[in-house]
Structures are given as C-alpha cells and as structure tokens.
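Coordinates in review
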Amino acid sequence: MVKNTGQPAYLQIADDLRAQIRGGSLAPGTPLPSTTRLAEQYDASLSVVKLAVGVLRTEGLVIGQQGKGVFVRAADELPPAPQAGDELAELRATVQDLSVRLAKVEEQLAMSTTRRSGRSSR
C-alpha cells in the first residue's frame, strides 16, 4: 500500500488511517488493527507503523490503552478536521511572520556591514 511518492511511508500510512477515521470506516471506540497486522497490510516495518500511529496520537485521533491496544477516540473527543481555508490562513500568517523577521535580520546585517566598512577605512 505504501507508494514510492517521495512522502515518507509513515505519513502515507497516517494519511490513510486518518481518512478511514474521518470517513467512518474506523468508527469511534474501535481498536486499530495490531501493529503487526498494519505492517503486513501496508507492507511496511513495525517501526514505520509505530511512527504512523504516533502521528495519529499526537493529532488526538487515537488513544492508547496499556495492554489493550490503540483505539479511535469517541466522536465527541475527536478534534475537528482542518479546513483548507484554515491551513491557508495559517500559512499566510507564517509567511508574514517570516517576512517581518527576515526584514529585521537584513536590517541588522546592513547596519553591521556599514559599521565594519566605516572601521576599515580608517
């Protein structure tokens, strides 16, 4: 199932599992298949599958229960799916922040260069 797309295998697996959770094929409260079974299903190593499940845990889509497995969170506990507009707004804000920071660095560099050239002309 993992394809040679340039995207890491664990992200491909996480994307697929996320789509199954959001689409309802993995219903709230149901356990994810075992790590071994997922590794076989996706033709990936156990460590790659564990990374994928870790991504879903970080996103709050699944929760681990010691000795029992990993389960899809209850529907009322699932974080809302990100909206395309939200991601775009976040990217714009990040670019704006980086632009401001870059302008400050360039200004400091220009001042530093001016000071150095003033010293060397003595």
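Presented here is a report on the structure given in the accompanying data block.

Calculation criteria
Per chain, residue numbering runs from 1 following the sequence as it is written. Given that the model is predicted, a residue must reach a pLDDT of at least 70 before its local features are reported, and side-chain atom pairs must reach 80 or more before they are shown or counted; all residues, however, enter totals for whole chains, interfaces and linings. Where side-chain values are given, they derive from all heavy atoms of the structure, hydrogens and water being excluded. Residues enter a nonpolar core if they are buried and are Ala, Val, Leu, Ile, Met, Phe, Trp, Tyr or Cys, with the set joined through side-chain atoms within 4.5 Å. To sort residues, take the accessible area from a 1.4 Å probe on protein chains only and compare it with the maximum for the residue type: under 20% means buried, over 50% means exposed, and anything in between is partly exposed. Here a helix means four or more residues in a row that DSSP labels H or I, a strand means two or more in a row labelled E, and each is numbered from the N terminus. In what follows, salt bridge is the name for a side-chain nitrogen of Lys or Arg lying within 4 Å of a carboxyl oxygen of Asp or Glu.

So, on to the nonpolar core. For soluble globular proteins, nonpolar side chains are generally found buried alongside one another. Among the nonpolar cores identified, the biggest contains 19 residues, and Ile13, Leu17, Ile21, Leu32, Val49 and Leu56 are the most heavily contacted of them. If you list the elements that add at least two residues to this core, you get α1 (9–23), α2 (35–42), α3 (46–58) and β2 (69–72).

Tallied over the entire structure, the rule returns two salt bridges. One salt bridge in this structure joins Arg18 and Asp15, with 2.6 Å as the shortest N-O distance. One end of the pair, Arg18, and the other, Asp15, are both in helix α1, three residues apart, so they sit about a helical turn from each other. Residue Asp15 is classed as partly exposed on the basis of its relative accessible area, which comes to 32%. Salt bridges sharing partners connect three or more residues here, namely Asp15, Arg18 and Glu59.

Worth remembering: the numbers are spatial, not functional.
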